[in-house]
Amino acid sequence: MAPPGDLRDWIALLEREGELRRVSAEVDPHLEVTEIVDRVVKAGGPALLFEHTKSEHPLLINQFGTERRMCLAFGVDSLDDVGRRLGDVLEMQPPQGLAEKVRGLKKLKSIADSQPKSVRSGPSQEVVLTGDEVDLRRLPVQTCWPGDAGPFITLPAVITKDPRTGARNVGMYRLQVLDERTTAMHWQIHKDGRADYLLADGKLEVAVALGLDPVTAYAASAPLPKHVDEFMLAGFLRGEPVELVRGKTVDLDVPANAEIVLEGYLAKDELTEEGPFGDHTGYYTPPEPFPVFHVTAMTMRREAIYPSIVVGKPPQEDAWLGKATERIFLPAIRMSVPEIVDYDLPVAGAFHNCCIVSIRKSFPGHAQKVMHAIWGLGMLSLTKSVVVVDEWVNVHDYEEVFFRVGANVDPKRDVLISEGPLDHLDHAPTLQFYGGKLGIDATHKGPAEGAREWPPEIEMSDEIRRRVDERWAEYGLGAAPDPNGSRQGALRQLLRR
Ligand SMILES: Cc1cc2nc3c(=O)[nH]c(=O)nc-3n(C[C@H](O)[C@H](O)[C@H](O)COP(=O)(O)O)c2cc1C
Ligand SMILES: [Mn+2]
């Protein structure tokens, strides 16, 4: 099934699948929406389309809030399928024989087709407001938490160009609405949009797309290398190029199918206090200076739908955007570190606090090598703690990981304390951006690593297992117990997968 072409296709798909509820009661984007969504997300509930928001525009939220909806968005049965498609292209080898050549050509075509396509006009410019006509307060922008500094646009795709190369970047960076025509631009120090800004001379043009098809919206949050255009990833994952139209007041191309586009610029060195904001760390991030975004045009579809998301104490809706990234990028990570079998970024660890990784260990110090690899790999470099386990350990089963850490670790020998860059939002380190790293080697070790002879693990023999399977009914114990049976509450599943 092809992924949806725009937000309205997506809403229709969600509705057909019983994954969306329309709410006709009037609700207030000031705090009330958050409390509703917080309850619905935690119950694994549907996407919500609030039709009456004290503004002309309906508000869509929780579109990504379950694994099933994430899979619907990508048109797959499992998020690993998306990763495999990407991995297939990354691992392309010179083809041997005709059949492989044909398959290879198909893969190359899928890359060629992922390039964004320019079109002359698009629904995102049905309504064009410029200059004094622009009024951001007409959008149902949420104030998410009681301590927030004001309303924040939380699900944007922020488009910039590298002033040196012209290469496009798309990133999801929240925007605090300051008045009718300005917002703050919260790109953190490790992010690509900010790098474009630092390279700009005087001014940097920016466009912000709101209300995209779900794959393109996801792509804005994907941690690609700086020179790779997130719209290209979106085109590749959708199997159809992202269509772009020229901005009305900026020299940037914007998605033709967006519900709303904000065009404008940042003046170099014009900063404002951004925050506080109730963040995905579960804490408020304190006020900090960020650039001011001046909106020169606001273009829209007629009856535009405004998309939003709430972050806060995990788990929230963004958990599934993060899980999508975790799954989609596994094959790419394996390209650089092939001994990695699997990894898990626990939702409760806000993604950057912990990475559990299983490896095919083949030499002394291998676990330490992989820790350092993680600390040197793209956005994973900000990971605060890394737990390394052997290839047979299920990294998504946190109880099993806890068992391995408890059983296999001599803290004096197997815990590595290092230091390096940390997430912009991490409030724990003494210094912002820089601090301690923790590596825990929970793999099996032997004399070559200073351990004693490692004892064998307890396993029942296959023969006895088979016999008990066959004879289970004879024992009169009812249905055979499901090893995961009692543990599958919706929340628990989200936390453990
Ligand atoms: C809902 C949501 C909100 C986000 N808000 C921000 C933000 O305000 N600032 C930021 O720097 N990153 C934020 N991120 C993370 C970035 O989108 C992510 O790091 C992305 O890779 C940035 O794009 P870039 O790699 O092109 O810089 C957010 C992610 C999600 C899913
Ligand atoms: Mn980028």
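Each remark here, short or long, concerns the structure printed above.
The present account deals with the structure reproduced in this document. (Residues numbered from 1 in each chain as written. Chains lettered and ligands numbered in written order. Predicted model: local features only at pLDDT ≥ 70, side-chain atom pairs only at ≥ 80, totals over all residues. Heavy atoms only, no water.)

### Quick look at the coordination of the manganese ion (ligand 2)
Argument step 1. For the manganese ion (ligand 2), the full set of protein donor atoms is N169 (OD1), D192 (OD) and E230 (OE), and the range of their distances to it is 2.1 to 2.2 Å.
Argument step 2. Each donor residue of the manganese ion (ligand 2) belongs to the same chain, with the gaps between them written as N-x22-D-x37-E. One end of the pair, N169, is in strand β8 (residues 168-171); the other, D192, is in helix α6 (residues 192-199), and 23 residues separate them in sequence.
Argument step 3. Given the relative accessible area of 16%, D192 is considered buried. (Donors = N, O, S within 2.8 Å, 3.2 Å for Na, K, Ca; no water. Helix = DSSP H or I, 4+ residues; strand = E, 2+ residues; numbered from the N terminus. Buried < 20%, exposed > 50% of the residue type's maximum accessible area, 1.4 Å probe, protein only.)

### Brief notes about the sheet that holds strand β2 (residues 47-50)
Argument step 1. Judged by pairing direction, the sheet is mixed, and its four strands sit side by side in the order β1-β2-β3-β18 without closing on themselves. In this open sheet, the two edge strands, each paired with only one partner strand, are β1 (20-23) and β18 (306-307).
Argument step 2. Sheet topology places β1 next to β2; four bridges connect them, and they run parallel. Across the sheet, the residue bridging to V23 is F50, located in β2. (Pairing = 2+ DSSP bridges.)

### Remarks on the sheet that holds strand β13 (residues 253-255)
Argument step 1. In space, the three strands of this open sheet follow the order β4-β12-β13, with mixed pairing throughout. Each having just a single partner strand, β4 (117-118) and β13 make up the two edges of the open sheet.

### Some details on the site of ligand 1
Argument step 1. Near ligand 1 you find 19 residues, and of these M172, Y173, R174, H186 and D192 are the closest.
Argument step 2. Taking 630 Å² as the accessible area of ligand 1 by itself, protein coverage stands at 88%.
Argument step 3. A per-element tally of the shell around ligand 1 places β8 first, with three residues.
Argument step 4. Grouping the amino acids of the shell around ligand 1 by side-chain chemistry returns nine nonpolar, six polar and four charged. (Near = heavy atom within 4 Å. Areas by Shrake-Rupley, 256 points an atom, 1.4 Å probe, with all protein chains shown as cover. Nonpolar A, V, L, I, M, F, W, Y, C, P; charged D, E, K, R; others polar.)

### Concerning the environment of K42
Argument step 1. Checked against the element boundaries, K42 lands in helix α2 (residues 32-42).
Argument step 2. Take K42: its relative accessible area is 33%, and that puts it in the partly exposed class.
Argument step 3. Between the C-alpha atom of K42 and that of G65, which follows or precedes it by 23 residues, the distance is 8.9 Å.

### Quick look at the nonpolar core
Argument step 1. Judged by nonpolar contacts, the single largest core of 65 residues is most densely connected at F74, Y218, I340, Y343 and V357.
Argument step 2. A total of eight residues in this core trace back to one element, the largest contributor, which is helix α9 (residues 318-336).
Argument step 3. Ignoring sequence-local partners within four residues, the contact set of Y343 consists of T325, E326, R327, F329, L330, I333, C355, I356, V357, L380, V395 and H396.
Argument step 4. Among the nonpolar cores identified, the runner-up in size contains 39 residues, and V33, L59, M185 and L262 belong to it. (Core = buried A, V, L, I, M, F, W, Y, C linked by side-chain atoms within 4.5 Å. Contact = heavy atoms within 4.5 Å.)

### Re the packing of helix α4 (residues 79-90) against α9
Argument step 1. Across the interface, α4 lies against α9 with an axial gap of 8 Å and an inter-helix angle of 30 degrees. On the basis of their axis angle, the class for α4 and α9 is roughly parallel. Along this stretch, α4 crosses α9, giving a crossing that reads as right-handed. Here α4 contributes L79, D80, V82, G83, R84, L86, G87 and L90 to the contact with α9, which in turn contributes K323, A324, R327, I328, P331, A332 and M335.
Argument step 2. Its residues assigned to classes, the contact of α4 with α9 comprises nine nonpolar, two polar and four charged. (Axes fitted to C-alpha atoms, helices over the stretch in contact; angles between N-to-C directions. Parallel < 35°, antiparallel > 145°, perpendicular 65-115°, else oblique. Left-handed = near helix turned anticlockwise from the far one by under 90°.)

### A look at the pattern of salt bridges
Argument step 1. In the structure shown here, the tally under the stated rule is 44 salt bridges.
Argument step 2. When the shortest N-O distance is used, the salt bridge between E17 and R68 registers 2.5 Å. Here R68 lies in helix α3 (residues 67-74) and E17 lies in the loop between α1 (7-16) and β1, a separation of 51 residues in the sequence.
Argument step 3. The exposure class assigned to E17 is partly exposed, which follows from its relative accessible area of 31%.
Argument step 4. Under the relative-accessibility criterion, R68 is labelled partly exposed at 40%.
Argument step 5. Residues E19 and R69 are paired through a salt bridge, measuring 2.8 Å at the closest nitrogen-oxygen approach. With a gap of 50 residues between them, E19 in the loop between α1 and β1 and R69 in helix α3 connect regions that are remote in the sequence. (Salt bridge = Lys/Arg side-chain N within 4 Å of Asp/Glu carboxyl O.)

### What about the packing of aromatic side chains?
Each aromatic ring pair is specified by the distance between its two centres and by the angle formed by the two planes.
Argument step 1. Taken as a whole, this structure holds five aromatic pairs when the rule is applied.
Argument step 2. Where F74 meets Y218, the ring centres are 5.5 Å apart and the plane angle is 75 degrees; that geometry is what we call edge-to-face. With F74 in helix α3 and Y218 in helix α7 (residues 214-219), the pair connects residues that are 144 residues apart, well separated along the chain.
Argument step 3. Look at F152 and F277: their rings are 4.5 Å apart centre to centre, the planes differ by 50 degrees, and that puts the pair in the tilted class. Pair noted here: F152 is in strand β6 (residues 152-153) and F277 is in strand β15 (residues 277-278), with a separation of 125 residues, a long-range link. With respect to class, F152 is no different from F277; both count as buried.
Argument step 4. One aromatic cluster is present, formed by Y173, W187 and Y197 through successive ring pairs.
Argument step 5. Between the NZ or CZ atom of R85 and the centre of the ring of F236, over which it lies, the distance is 4.8 Å. (Phe/Tyr/Trp six-rings, centres within 6.5 Å; stacked < 30°, edge-to-face > 60°. Lys NZ or Arg CZ within 6 Å of the ring centre and 35° of its normal.)

### Looking at unusual backbone geometry
Argument step 1. The amide bond that connects G275 to the next residue, P276, takes the cis arrangement and shows omega of 5 degrees.
Argument step 2. Tracing the backbone through its elements, the reader meets P276 in the loop between β14 (260-274) and β15.
Argument step 3. With an omega dihedral of 0 degrees, the bond running from P314 to P315 counts as a cis peptide bond.
Argument step 4. Here P315 shows up in the loop between β18 and α9.
Argument step 5. One non-glycine residue with positive phi stands out, namely E303, at about 55 degrees.
Argument step 6. Relative to the assigned elements, E303 resides in the loop between β17 (288-300) and β18.
Argument step 7. On the accessibility criterion, E303 (70% relative accessible area) is exposed.
Argument step 8. With a phi angle near 80 degrees, F433 is a residue other than glycine that sits in the positive phi range.
Argument step 9. Looking at the secondary structure, you find F433 in the loop between β22 (415-421) and β23 (434-441).
Argument step 10. The exposure class of F433 is partly exposed, given its relative accessible area of 23%.

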